[in-house]
Amino acid sequence: MVKVIVAGFKGRMGNTTTHMVIEHKNFELVGVFDPRATEKLLSESNEFSGLDVPVASKLEDIDTNSADVWVDFTSPSSVYGNVKFAIEHGISPVVGTTGMTDDQVAELQKIALTKKIGGLIAPNFGISAVLLMQFAQQAAKYFPNVEIIEMHHDNKLDAPSGTAINTAKLIAEVRTPKEQGNPEEKETLAGARGANYEGMHIHSVRLPGYVAHEQVLFGSEGEALTIRQDSFDRSSFMSGVAVAIEKIQDHDELLVGLEHIL
Ligand SMILES: NC(=O)C1=CN([C@@H]2O[C@H](COP(=O)(O)OP(=O)(O)OC[C@H]3O[C@@H](n4cnc5c(N)ncnc54)[C@H](O)[C@@H]3O)[C@@H](O)[C@H]2O)C=CC1
Ligand SMILES: O=C(O)C1=N[C@H](C(=O)O)C[C@H](O)C1
């Protein structure tokens, strides 16, 4: 049995993950963590009645001895500290939280390597998104003119999404950096052309009713290619999270991207 702590269990993804871990035959939920928690045991809430799993609202209250894997769906401002804490206590992090800087990721990778702890940061656990990123990278070899549109629910804290940034990074590996559009273009409203990653423009849409969606648009002489993926429900991320929990302890470094363990 893999013993799992879920950080951010009061949130949208943390709640879905908590249920998945409870229901999975190979996992044991040994702790949950969220600063919003007021209960001491999960069983105090009707949703989880009968589950005497300890609840922590502060890092220092977590029983780190009992856990193998730390699943993190928290916030851009807390994820670095949480993951550092997990690695330093010998717990393998499986991280879905987006918004970390490249420097923070590099720092965590250094600590994980020193401690020989396997871990995964996955900008997106959905197989449709993983495939979209791979297809987009393949297409960019032939279509260097590309724009990315990501669309999310309006409670999202970070923009652009982690998936959109990762898509741009993967495309940048195969595409010579170039500015797109008219060199003389001027924004008459600031932000009209979106964010700029090595000349690629990324546009972030936030609307109620949406979950998580991305389009990568390629244009060339007389033709265009659009690749799109949609997560209509947060259950779409759960098979990816489960695979990561099952496999991550076979590694001894902090990986970025679900594709590395599939
Ligand atoms: N990689 C992936 O496949 C996916 C990643 N995400 C990412 O996961 C993160 C969470 O998303 P949602 O669940 O929608 O957000 P949410 O706002 O519903 O939940 C976040 C939870 O984290 C808690 N939290 C805040 N600080 C914390 C800390 N220091 N320690 C523990 N918990 C803390 C909050 O109280 C809240 O309950 C976001 O960064 C989002 O981009 C979301 C969906 C899929
Ligand atoms: O906040 C979300 O919801 C999501 N965040 C991740 C991201 O920033 O890419 C993954 C997915 O898009 C859902």
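If you're wondering where the values come from, they're calculated on a predicted model, not measured in any experiment.

> Mind showing me how you'd approach the pattern of salt bridges here?
Any two side chains of opposite charge can pair, given that their charged atoms come close. If you walk through the whole model with that rule in mind, you get 8 salt bridges. Between Asp 61 and Lys 58 there is a salt bridge, with its nearest N and O atoms 3.9 Å apart. Accessibility expressed as a relative area gives 43% for Asp 61, which makes it partly exposed. Across the pair Glu 147 and Arg 193 runs a salt bridge, and its minimum N-O distance is 2.9 Å. Here the residue Glu 147 occupies a position in strand β7 (residues 146–152), and Arg 193 occupies one in the loop between α5 (162–172) and β8 (195–197), the gap between them amounting to 46 residues. Salt bridges sharing common partners tie together Glu 147, Glu 185 and Arg 193.

> Explain the site of ligand 1 to me, please; I cannot follow it from the model alone.
Taken together, 24 residues lie near ligand 1, and Met 13, Asp 34, Arg 36, Thr 98 and Phe 125 sit nearest. Side-chain polar atom of Arg 36 to an oxygen atom of ligand 1: 2.8 Å apart, as the coordinates give it. In this structure, Gly 96 approaches ligand 1 through a main-chain N or O atom, which is 3.1 Å from a nitrogen atom. Class assignment for the residues of the shell around ligand 1 results in 8 nonpolar, 10 polar and 6 charged.

> Sorry, what's going on with the site of ligand 2 here?
Lining the immediate environment of ligand 2, one finds Thr 98, Pro 123, Asn 124, His 152, His 153, Lys 156, Asp 158, Ser 161, Gly 162, Thr 163, Ala 212 and Phe 237. Between ligand 2 and Lys 156, the relevant distance is 2.7 Å, taken from an oxygen atom to a side-chain nitrogen or oxygen of the residue. The contact in question runs from an oxygen atom of ligand 2 to an N or O atom on the side chain of Thr 163, over 2.4 Å. If ligand 2 stood free it would expose 320 Å²; the protein chains cover 86% of that surface.

> I'm lost on the UniProt feature "binding site: NADP(+)" (unreviewed entry) in the chain in this one. Help?
Here, UniProt's "binding site: NADP(+)" (unreviewed entry) annotation points to Arg 36. Residue class for Arg 36 comes out exposed when judged on its relative accessible area of 58%. Here Arg 36 is in contact with Lys 10 and Gly 11, once residues within four sequence places are set aside. Within the structure, Arg 36 has its side chain in polar contact with the backbone oxygen of Lys 10 (distance 3.1 Å).

> Would you mind going over the sheet that holds strand β9 (residues 200–206) with me for this structure?
Hydrogen bonds along the backbone pair up the strands of a sheet, which may run parallel or antiparallel. Taken together, 5 strands build an open sheet; the order of strands is β8-β9-β7-β10-β11 and the sheet is mixed. Of all strands in the sheet, those bounded by a partner on one side alone are β8 and β11 (223–231). Each neighbouring strand pair of the sheet contributes to a mean axis angle of 20°, computed without reference to strand direction. By the bridge criterion, 6 bridges tie β7 to β9 in an arrangement that is parallel. Residue pairing for β9: Ile 149 is matched across the bridge by His 203. Packing against the sheet, helix α4 (residues 127–140) makes contact with β10 (212–220) and β11, and its axis sits at approximately 165° to β11.

> It is not clear to me how α5 should be interpreted in this structure. Could you clarify?
Because an α-helix packs 3.6 residues into every turn, residues spaced three or four apart end up facing the same way. Along α5, 9 of the 11 residues are buried, which leaves the element largely enclosed by surrounding structure. Buried residues of α5: Gly 162, Thr 163, Ala 164, Asn 166, Thr 167, Ala 168, Leu 170, Ile 171 and Ala 172, and no others. Tucked inside the fold, the buried residues of α5 contact α4, β7, β8, β9 and β10.

> Can you walk me through the nonpolar core in this structure?
Soluble globular proteins: nonpolar side chains tend toward being buried together. By size, the foremost hydrophobic cluster in this structure holds 35 residues, and its most contacted members are Leu 120, Phe 125 and Ile 245. Counting only elements with at least two residues in this core, the list comes to β1 (2–7), α1 (12–23), β2 (27–33), β4 (69–72) and α6 (238–247). Residue contributions to this core peak at 5 residues, all from α6. Looking at this core, you find at least three residues from each of domain 1 (2–121 + 235–260) and domain 2 (127–231). Among all residues touching Phe 125, those that are not within four sequence positions of it are Phe 73, Val 94, Val 95, Gly 96, Leu 120, Ser 236, Phe 237, Gly 240, Val 241, Ala 244 and Leu 258. Within the second largest apolar cluster, 18 residues are counted, among which are Ala 139, Val 146, Ile 171 and Ile 227.

> Sorry if this is basic, but what is going on with the domain arrangement of the chain here?
How big an interface is tends to be expressed through the accessible area that disappears when the partners come together. Here the chain is described as being made up of domain 1 (2–121 + 235–260) and domain 2 (127–231). A separation of 29 Å is found between the C-alpha centroids of domain 1 and domain 2. Taken together, the contact between domain 1 and domain 2 spans 10 residues of the former and 11 residues of the latter. Interface of domain 1 and domain 2: buried area, both sides summed, is about 840 Å²; carbon and sulfur atoms make up 56% of it. The largest contributions to the domain 1 side of the interface with domain 2 come from Arg 12, Thr 98 and Glu 259, which together make up 46% of the buried area. Counting the contacts that link domain 1 with domain 2 gives 1 salt bridge. Between Lys 169 and Asp 102 there is a salt bridge; the shortest N-O distance is 2.7 Å. Split into classes, the residues belonging to the side of domain 1 that touches domain 2 amount to 3 nonpolar, 4 polar and 3 charged.

Rules and cut-offs
Residues numbered from 1 in each chain as written. Chains lettered and ligands numbered in written order. Predicted model: local features only at pLDDT ≥ 70, side-chain atom pairs only at ≥ 80, totals over all residues. Heavy atoms only, no water. Salt bridge = Lys/Arg side-chain N within 4 Å of Asp/Glu carboxyl O. Buried < 20%, exposed > 50% of the residue type's maximum accessible area, 1.4 Å probe, protein only. Helix = DSSP H or I, 4+ residues; strand = E, 2+ residues; numbered from the N terminus. Near = heavy atom within 4 Å. Polar contact = N/O pair within 3.5 Å; in protein donor to acceptor, adjacent residues only side chain to side chain. Nonpolar A, V, L, I, M, F, W, Y, C, P; charged D, E, K, R; others polar. Areas by Shrake-Rupley, 256 points an atom, 1.4 Å probe, with all protein chains shown as cover. UniProt positions renumbered as here; feature names shortened; annotations may be inferred. Contact = heavy atoms within 4.5 Å. Pairing = 2+ DSSP bridges. Axes fitted to C-alpha atoms, helices over the stretch in contact; angles between N-to-C directions. Core = buried A, V, L, I, M, F, W, Y, C linked by side-chain atoms within 4.5 Å. Domains from an automatic or database assignment. Buried area = accessible area lost by both parts, 1.4 Å probe.

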